[in-house]
Amino acid sequence: MGFSQRGRRAKLAQRRRIFADSLCESLRVFCESRWAAGGKRKEARLIVSGLFIIDRSGTKVPALADVRVRQAINYAIDGAAILKSIRLGSGTPTTQIFSPSSQAYDPSLDSKYPYNPGKARALLAEAGYPNGFSVKMPSFAGFGDLEAVVFQQLADVGIKVEPQTVASDQVISSLLK
C-alpha cells in the first residue's frame, strides 16, 4: 500500500472518529417511544432531533475549541420548550443520543445542562466572546421549524447562525467534510 493510500485511510478514520465524537456531543436529542399494556413494545419510534458539534477542535470555527463555548451552546437551548411547542409534548427531552431503554443511557446526564441563557452568555464572555460569534450551520429540509427555534435561542445569547442549505442526499457527506 502506497503512502498516499495510507494517508487517505488515516484521514477517513479520523473523520469517522470526529463523526462518532459528534454523536456523543449532542446538545439536545428527543426520543419518543410508545408501549402497549403489559410493557410489551407496540410501536417504537425514535426521533432524533439535535445539534451536533463536529468541529470540537475549532478547525473551522475557532470558538468551538473552547469547552466553555460548547457548554454555553448547551445552556442556550431550551429542549423542553422545543419539545412542547414543536413536537407537541410527544417525547422526552434529553442531552444524549441514547434511548432510555439503551444500556448506554445515563439518566444523570439529562440534568447536566438545564436551560440557562444567562449562564450561556457568561460562559461566552469568559471564553473571550462577550459579543458572541458567527457560525455556519447546515440546514436540512424538514427541520425548518426546529432550526428556527434553535437558531433564535442561539442568537439570544450572541451566537449568530448562518444557515447553509444541504440537500437531503448530501447530509452525511457534508458532515464529514
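Residues numbered from 1 in each chain as written. Predicted model: local features only at pLDDT ≥ 70, side-chain atom pairs only at ≥ 80, totals over all residues. Heavy atoms only, no water.

Peer 1: Any chance you could explain the overall build of the protein here in plain terms?
Peer 2: A count of helices and strands for the protein gives six helices and five strands. For the protein, buried positions account for 32% of its 177 residues. Here the contacts in the protein between residues at least 6 apart in sequence split such that 67% fall between residues at least 24 apart. (Helix = DSSP H or I, 4+ residues; strand = E, 2+ residues; numbered from the N terminus. Buried < 20%, exposed > 50% of the residue type's maximum accessible area, 1.4 Å probe, protein only. Contact = heavy atoms within 4.5 Å.)

Peer 1: What should I look at first to understand the packing of aromatic side chains in this one?
Peer 2: Centre distance and the angle of the planes are the two values used to describe a pair of aromatic rings. As enumerated under the stated definition, the model contains two aromatic pairs in all. Note on Y75 and Y113: the rings are 5.1 Å apart at their centroids and 75° apart in plane angle, and the pair reads as edge-to-face. Placement of the pair is Y75 in helix α2 (residues 67–76) and Y113 in the loop between β3 (92–94) and α4 (117–126), with a sequence separation of 38 residues. On the basis of relative accessible area, Y75 is assigned to the buried category, the value being 10%. In this structure Y113 comes out as buried when scored by relative accessible area, which is 14%. (Phe/Tyr/Trp six-rings, centres within 6.5 Å; stacked < 30°, edge-to-face > 60°.)

Peer 1: For this particular structure, what's the right way to read the confidence of the model for the protein?
Peer 2: The predicted structure's coordinates, where accompanied by low pLDDT, should not be read in detail. Of all residues in the protein, 68% attain a pLDDT of 70 or more, and the chain-wide mean is 74. Across the protein, α4 holds the top mean pLDDT of 98, while strand β1 (residues 29–35) sits lowest at 35. Low confidence marks residues 16–48, where pLDDT is under 50. Its contacts with residues over four positions away, or in another chain, come to 80 contacts. (pLDDT = per-residue confidence, 0-100.)

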